[in-house]
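The lines below spell out each chain.
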Amino acid sequence: MTAVVGPDPVARLAALPGVTDAVTAARTSVDTLLRHRVMRRDSAKVTAEASLRTARASAALDGHDIDLDDLREHLGHDRRLATGDSDSDALRVTLGTVRLHAELGTLRDTWDRAPRQALARMHVLVARGLVTDADLGRPRVAGSHTDPTDPLGLGPTPTPVEATARLDGLTQLLVTKTSAPAIIMAAIVEGELLAIRPFGAFDGIIARGAGRLVLISRGLDPKAVTATDVGHVEAAQIPGGQTCTDGATGGNATGSYAAAVRAYIGTGAQGVGQWIIHYARAVELGARESLAICEAITRAS
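Predicted model, so just to flag it, every value in this text is computed and none were measured.

### Let's talk about the pattern of salt bridges
Alright, step 1. On inspection of all chains with the given rule, the structure shows 13 salt bridges.
Alright, step 2. Residue Asp89 is joined to Arg92 by a salt bridge in which the shortest nitrogen-to-oxygen separation is 3.9 Å. Placement of the pair is Asp89 and Arg92 together in helix 6 (residues 85–103), with a separation of three residues, close to one helical turn.
Alright, step 3. Classification of Asp89 by relative accessible area gives partly exposed; the value is 40%.

Dropping the structure here:
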């Protein structure tokens, strides 16, 4: 992130056009969710369901799309889906993403103290059984013969040396005191990790998990009940949605999300602001998704 520099650079991003209004709307939606009566007695059920839905959505954004009911059936009966090889791969990635979100809350203390250690653990949770053991939790290094994956079509990947430098900068940002709202910090963490692609595989899933972990650790969503990645998907389906700098609009979840990330990476302060607004809208929609979960639990009681 180079659009804003100086003291407390993340807090200064709130001055970008439209950012404060978007962040306020998102925070209001999360606060409404946290006040729902179900949260007083059944918050664990909301956390479990929101985590499952946001994990499925996160995997889908990287092209690993499994129907939620099929995923739920698999988790409930420990059965393989009757699908082809490509769908089996999608299932394995989605299950890794579910595993990550199920354990995300346990990483809170590590994240606050040693973000890089937490990121390594997140990679292990997602990628176990999908990459070699030697690559689990290890950032890209110079001389690697494997090109990083690019499911979002973001373009050239920073070299390992550049990625290491940017990851160092992000880590320093995370452990430095800031007055920035949690939503802005979460957006920057997710955007930077998407730009850096530190591990070369499953970086999008890890980036979105890290963004959610920021919301948890900084107190906006302490019970992990907001399905933010469902919001990323739904933001693309709203008619008349905000147009990204490459012309993408609503209707295609991955395309709209990728366009917002590309704006963050390549169009300076305007793009950073556009990405934060997109992220805040995803948080807002994710909170509404979880309100629907609360209502469903109420009806079932």
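### Side note on the packing of helix 4 (residues 43–61) against helix 14 (residues 268–300)
Alright, step 1. Taken N-terminus to C-terminus, the directions of helix 4 and helix 14 make an angle of 135°; their axes are 10 Å apart at the nearest point. Here helix 4 is positioned oblique relative to helix 14, judged by the angle of their axes. The two elements helix 4 and helix 14 meet at a crossing, and its hand is right-handed. Across from Lys45, Val46, Glu49, Ala50 and Arg53 in helix 4, the residues of helix 14 making contact are Glu289, Ser290, Ile293, Cys294 and Ile297.
Alright, step 2. Taken together, the residues that form the contact of helix 4 with helix 14 break down as five nonpolar, one polar and four charged.

### Digging into the confidence of the model for the protein chain
Alright, step 1. Per-residue confidence for the protein chain averages 89 on the pLDDT scale, and 87% of its residues sit at or above 70.
Alright, step 2. This stretch, residues 78–86, has a pLDDT under 50; its non-local contacts, to residues over four places away or in other chains, come to eleven contacts.
Alright, step 3. Segment residues 239–251 is flagged for pLDDT under 50; beyond a separation of four residues in sequence, or across chains, it makes 23 contacts in the model.

### Comments concerning unusual backbone geometry
Alright, step 1. One non-glycine residue with positive phi stands out, namely Phe202, at about 65°.
Alright, step 2. Relative to the helices and strands, Phe202 is located in the loop between helix 10 (182–196) and helix 11 (203–217).
Alright, step 3. Positive phi, close to 55°, is recorded for Ala224, a residue that is not glycine.
Alright, step 4. Relative to the helices and strands, Ala224 is located in the loop between helix 11 and helix 12 (228–235).
Alright, step 5. Assessed through its relative accessible area of 10%, Ala224 is described here as buried.

### Considering the packing of aromatic side chains
Alright, step 1. Tallying each qualifying case throughout the model produces two aromatic pairs.
Alright, step 2. For the ring pair Tyr257 and Trp275, a centre distance of 5.8 Å and an interplane angle of 65° mean the geometry is edge-to-face. Here Tyr257, found in helix 13 (residues 253–266), pairs with Trp275, found in helix 14; they are 18 residues apart in sequence, far enough to count as distant.
Alright, step 3. Judged by its relative accessible area of 0%, Tyr257 is buried.
Alright, step 4. Measuring from ring centre to ring centre gives 6.1 Å for Trp275 and Tyr279, while their planes differ by 55°; the resulting arrangement is tilted. Residue Trp275 and its partner Tyr279 are located together in helix 14, separated by four residues, close to a single helical turn.
Alright, step 5. For Trp275, a relative accessible area of 0% corresponds to the buried category.
Alright, step 6. A relative accessible area of 0% means that Tyr279 is categorised as buried.

### Some thoughts on the environment of Val161
Alright, step 1. Among the structural elements, Val161 can be located in helix 9 (residues 160–174).
Alright, step 2. A relative accessible area of 61% places Val161 in the exposed class.
Alright, step 3. For the pair Val161 and Val141, spaced 20 residues apart in sequence, the C-alpha to C-alpha distance is 7.6 Å.

### Details of the environment of Leu68
Alright, step 1. By secondary structure assignment, the location of Leu68 is in helix 5 (residues 68–77).
Alright, step 2. Measuring from C-alpha to C-alpha, the distance between Leu68 and Arg53 comes to 7.4 Å, with 15 residues separating the pair along the chain.

### What about the side chain of Ser51?
Alright, step 1. Among the structural elements, Ser51 can be located in helix 4.
Alright, step 2. We classify Ser51 as buried; its relative accessible area is 9%.
Alright, step 3. Those residues in contact with Ser51, other than ones at most four positions away along the chain, are His101, Arg212 and Ala224.

### Digging into helix 2 (residues 19–34)
Alright, step 1. Counted at 1.5 Å a residue, the expected span for helix 2 with its 16 residues is 22 Å, and the 23 Å between its end C-alpha atoms agrees.
Alright, step 2. Taken together, the buried positions of helix 2 are occupied by Val19, Ala22, Val23, Ala26, Ser29, Val30 and Leu33. End-on, the buried residues of helix 2 take up no more than an arc of 125°, which puts them together on one face.
Alright, step 3. At its buried positions, helix 2 is contacted by helix 3 (38–41), helix 10 and helix 14.

Criteria and thresholds
- Residues numbered from 1 in each chain as written.
- Predicted model: local features only at pLDDT ≥ 70, side-chain atom pairs only at ≥ 80, totals over all residues.
- Heavy atoms only, no water.
- Salt bridge = Lys/Arg side-chain N within 4 Å of Asp/Glu carboxyl O.
- Helix = DSSP H or I, 4+ residues; strand = E, 2+ residues; numbered from the N terminus.
- Buried < 20%, exposed > 50% of the residue type's maximum accessible area, 1.4 Å probe, protein only.
- Axes fitted to C-alpha atoms, helices over the stretch in contact; angles between N-to-C directions.
- Parallel < 35°, antiparallel > 145°, perpendicular 65-115°, else oblique.
- Left-handed = near helix turned anticlockwise from the far one by under 90°.
- Contact = heavy atoms within 4.5 Å.
- Nonpolar A, V, L, I, M, F, W, Y, C, P; charged D, E, K, R; others polar.
- pLDDT = per-residue confidence, 0-100.
- Phe/Tyr/Trp six-rings, centres within 6.5 Å; stacked < 30°, edge-to-face > 60°.
- Expected span 1.5 Å × (residues − 1).
- Arc of directions from axis to C-beta.

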